[in-house]
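Coordinates in review
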Amino acid sequence: MKRLSSLNKYFWRHKWRLFSGILFVTIANLFAVIPPTVIRTVIDAVGEEIDVYHLIGGGKTQELFRNEIFGQVFWYGMLLLLLAFLRGIFMFLMRQTIIVMSRHIEYGQKEEIYNHYQQLDAQFFKSHATGDLMNRLSEDVSRVRMYTGPAIMYAVNLVVLTVMCVWGMLRVNPLLTLCVLIPMPILGISIYYVNRLIYKKSEKIQSQLSDLTTTAQEAFSGIRVIKSFVQEKNIMRFFDAHSEAYKHSTINLAMTEAIYFPAMNLFVGLSMLSTILVGGYFTIIGKATAGNIAEFVIYINLMMFPMFIIGMIASTTQRAAASQSRIDEFLKTEPAIKDPEHALNPIVLGDVAFDKVSFTYQHTGIQALREFSLKLRAGEKLIILGETGSGKSTVGQLLLRMYDPQSGSVRLDGVDLREMDLNHLRRNISYTPQDALLFSDTIFNNIRFGRDDASEQEVYEVARMAHLENEISSFADGYQTVIGERGVMLSGGQKQRIVLARALLKNSPVLLLDECLSAVDTQTEQIILSNLKKYLEDKTVLVITHRIFTGWNFDQIIVMRDGQIAEQGVHDELMQLNGRYAKLFRHQTEATPA
Ligand SMILES: Nc1ncnc2c1ncn2[C@@H]1O[C@H](COP(=O)(O)OP(=O)(O)OP(=O)(O)O)[C@@H](O)[C@H]1O
């Protein structure tokens, strides 16, 4: 199938596993089709010898003959046991090669997808839902694995076993073979369609179950909102509706299966019956033996299992093809932000310049910056103020090259960011994002995320600067306290300070602080700002905030409005201008004297 052709590179990579898997399937099946001939031989031989046994009519000779028959049956039995044992060994090897291959492919695919995720730009993540991205990595890859593993294994098994059984039967009696095989295609086709129906119903159930889980999950995480708005009954009704639909579908599926499995058994029984009837007739007219009937019954039995899974193979392949197309489509997405061909890696001192930068978020069409210009020399401190949505954070996003401007340029030490190595650029900027994101890990590791080769002492030092020491030591496990779902829940201000400590640890020449202390009380803020003064002396600092940091002298102050600079200067100039900054400053200092 063309849609699955992109898996060829993986099959090629694991070709030895695949080829040996096919070989093991063939050998395992060989040991499955030999027993019917052994059984035929033993039945026919014993049948003949029993006739002779009765003719002998008693005495020592008859006893010896009886022992010989028992001996024969015993050794044939041993042979059957040996064949079953050998078949088991090769079935084990077949699984160990093909299923293991599918696990390796699954791992390779996950790695490829995850790697690609990491290359993609912020725009991509904004325009795709997280659930959708997770599905590619988990559900789609699992569906493809069901094809590369079980579906391929059973398909090879089906072909090899059918060919061997039919060949085995034809060798014995072509006419009898034809008679017993006539119902097989009808059986195969009906199994295929019923299985497809079952799969469709199962798919529907799966999606209903996922709806049900999402509803429950949202209700649990939003339980405080639900309770405070007294919406329990409404949410219950909503949950009930999903639950009812799910129940209805599962009952419906149970009904289909309840009819399907007995019907299949009946069909198998009828096939056996027809084999015995037709075989019996052939035996009576001397064209077959009793052993042949037993042999054919076993062949038919052997062919039933692969027949039963024709539908499963078909639907697994179809689902895998759909999933693989989704994966391919995603892997073809080129990152909008990538390294230039000859990327520069200059030593960064910290001169930042925005030159007539205009920027519009493509997927919403919102213009966030209009001809925005700024010049900041290494070591200077800048504060960007402005009403919400005025474009402050966008300035930071462009400096980190999360997006490229549509016009104008952003430069670091005179080098256009588009010419710079992306990792090098980001390594030289310490950033605290507005939404303080922490990982479900210890406080220590969350801070050390900023620089993984930092020593313990360095971690403690940045925690001290972020005024975290006391709180951390009040936790029973101190720095080893686990944050997250099952760990300690932190306050907004504590989270922000851990994120700040992480950025300080990175120790880059440029520091970009986006609302890094908005959830911290003014007294703690003052302590942190005074702790940082020395540390930040030679660093370029851009502070994006709604609240003026009154303890610091900024080299430049910018007030933004509608993507443009509304006011710009130093404190005294802006106080004289008596505009928005002056108003904000007065309002803040009157409320909280500095
Ligand atoms: N990822 C995004 N995708 C689309 N539009 C965005 C995105 N981020 C911001 N915007 C829009 O761009 C404009 C500027 O947003 P920005 O976040 O830069 O403002 P801000 O001044 O930092 O606001 P706040 O003080 O609330 O953080 C806003 O109108 C916002 O809706």
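Counting of residues starts from 1 at the beginning of each chain's written sequence and follows it residue by residue. Selection of residues for local features in this predicted model requires a pLDDT of at least 70, selection of side-chain atom pairs for listing and counting requires 80 or more, and totals for whole chains, interfaces and linings are taken over all residues.

This paragraph deals with the sheet that holds strand β7 (residues 510–514). In spatial order, the strands read β6-β7-β8-β3-β9-β10; together these six strands make up an open sheet with mixed pairing. On the outer flanks of this sheet lie β6 (429–432) and β10 (564–569), each paired with one strand and no other. Neighbouring strand axes in the sheet, compared pairwise and without regard to direction, differ in orientation by 15° on average. In the sheet, strand β3 (residues 381–386) pairs with strand β9 (residues 556–561) via five bridges, with the strands oriented parallel. Counted as the bridge partner of Ile383 is Ile557 from β9. One bridge is not enough; two strands pair if DSSP finds at least two bridges between them. Where helices and strands are cited, they refer to DSSP runs of H or I of at least four residues and of E of at least two residues respectively, numbered from the N terminus. Only the stretch in contact is used when fitting a helix axis, every axis being a line fitted to C-alpha atoms; angles between N-to-C directions are given from 0 to 180 degrees.

Time to look at the site of the ligand. For each residue, a C-beta position is placed from the backbone atoms; the residue is near a molecule or strand when that point lies within 6 Å of it. In the vicinity of the ligand, 14 residues are found, and the nearest of them are Tyr361, Thr388, Lys392, Ser393 and Thr394. Of all the elements, helix α12 (residues 392–399) adds the most residues to the shell around the ligand, at three residues. Taken together, the residues of the shell around the ligand break down into three nonpolar, nine polar and two charged. Charged means Asp, Glu, Lys or Arg here, nonpolar means Ala, Val, Leu, Ile, Met, Phe, Trp, Tyr, Cys or Pro, and polar covers whatever is left, Gly included.

This part covers the packing of helix α7 (residues 183–221) against helix α9 (residues 232–284). For the pair α7 and α9, the least separation of the axes is 9 Å and the interaxial angle reads 160°. One way to sum up the angle between α7 and α9 is to call them roughly antiparallel. Where α7 crosses over α9, the handedness of that crossing is left-handed. Classifying every residue of the contact of α7 with α9 gives 18 nonpolar, ten polar and four charged. Any angle from 65 to 115 degrees is called roughly perpendicular, while one under 35 is roughly parallel, one over 145 is roughly antiparallel, and all others are oblique. Handedness of a helix crossing follows the sense of rotation of the near helix relative to the far helix, less than a right angle counterclockwise being left-handed and clockwise being right-handed.

The next subject is the sheet that holds strand β2 (residues 366–376). Strand order in the open sheet made by the four strands is β2-β1-β4-β5, with antiparallel pairing throughout. One side of each edge strand has no neighbouring strand; the edge strands of this open sheet are β2 and β5 (415–416). Note: strand β1 (residues 352–361) against strand β4 (residues 407–412), five bridges, orientation antiparallel. Among the inter-strand pairings, Val352 is bridged to a residue of β4, identified as Leu412. Where α12 meets the sheet, its contacts fall on β1, β2 and β4, and the angle it forms with β1 comes to roughly 110°. The contact criterion used is a C-beta to C-beta distance within 7 Å, with each C-beta placed from the backbone.

Tracing the sequence through the fold places Ile498 in helix α17 (residues 492–506). Burial in this document is a count-based property: other C-beta atoms within 10 Å of a residue's C-beta are tallied, and the residue is buried at 20 or more, exposed at 12 or fewer, or partly exposed in between, with C-beta positions derived from the backbone. Among the residues examined, Ile498 registers 23 C-beta atoms within 10 Å and is labelled buried. Spatially, the C-alpha atoms of Ile498 and Ser274 are 77 Å apart, while their sequence positions differ by 224 residues. Those residues in contact with Ile498, other than ones at most four positions away along the chain, are Leu438, Ile443, Asn446, Ile447 and Leu468.

Our next topic: the pairing of β10. When β9 meets β10, the two strands line up antiparallel, connected through five bridges. Across the sheet, the residue bridging to Ile557 is Gly569, located in β10. The hairpin formed by β9 and β10 contains two residues between the paired strands, and Asp562 there has a positive phi angle of roughly 50°.

The next point concerns the pairing of β7. For β7, the tally of buried residues reaches five of five residues, placing the bulk of the element in the interior. Burial along β7 is two-sided: the face carrying Val510, Leu512 and Asp514 and the face carrying Leu511 and Leu513 are both buried. When β6 meets β7, the two strands line up parallel, connected through four bridges. Counted as the bridge partner of Ile429 is Val510 from β7. Note that β7 and strand β8 (residues 540–544) share five bridges and pair parallel. Pairing of Asp514 across the sheet is with Ile544, part of β8.

A word on the domain arrangement of the protein chain. One frequently used descriptor of interface size is the decrease in accessible area upon assembly of the parts. Per the domain assignment, the segments making up the protein chain are domain 1 (10–172 + 317–334), domain 2 (174–287), domain 3 (348–428 + 508–594) and domain 4 (439–506). Of note, the centres of domain 2 and domain 4, computed from C-alpha atoms alone, are 52 Å apart. An automatic or database domain assignment is the source of the domain bounds shown.

Let us now look at the UniProt feature "transmembrane region" (unreviewed entry) in the protein chain. UniProt feature "transmembrane region" (unreviewed entry): in the numbering of this structure it lies at residues 21–43, 73–94, 151–169, 175–194, 259–284 and 296–316. Counting secondary structure, residues 151–169 comes out at 100% helix and 0% strand; the distance between its end C-alpha atoms is 26 Å. For residues 296–316, helix accounts for 95% and strand for 0%, while the C-alpha atoms at its two ends are 31 Å apart. UniProt positions are given in the numbering used here, feature names are shortened, and annotations may be inferred rather than shown by experiment.

Below, the discussion takes up the packing of helix α15 (residues 456–465) against α17. Axis separation between α15 and α17 bottoms out at 8 Å; the angle between their running directions is 130°. Judged on the interaxial angle alone, α17 and α15 are oblique. Considering how the two elements wind past one another, α15 and α17 form a crossing that is right-handed. Residues Glu458, Val459, Val462, Ala463 and Met465 of α15 form the contact with α17, whose own contacting residues are Ala501, Leu504 and Leu505. Residue composition of the contact of α15 with α17, by class: seven nonpolar, no polar and one charged.

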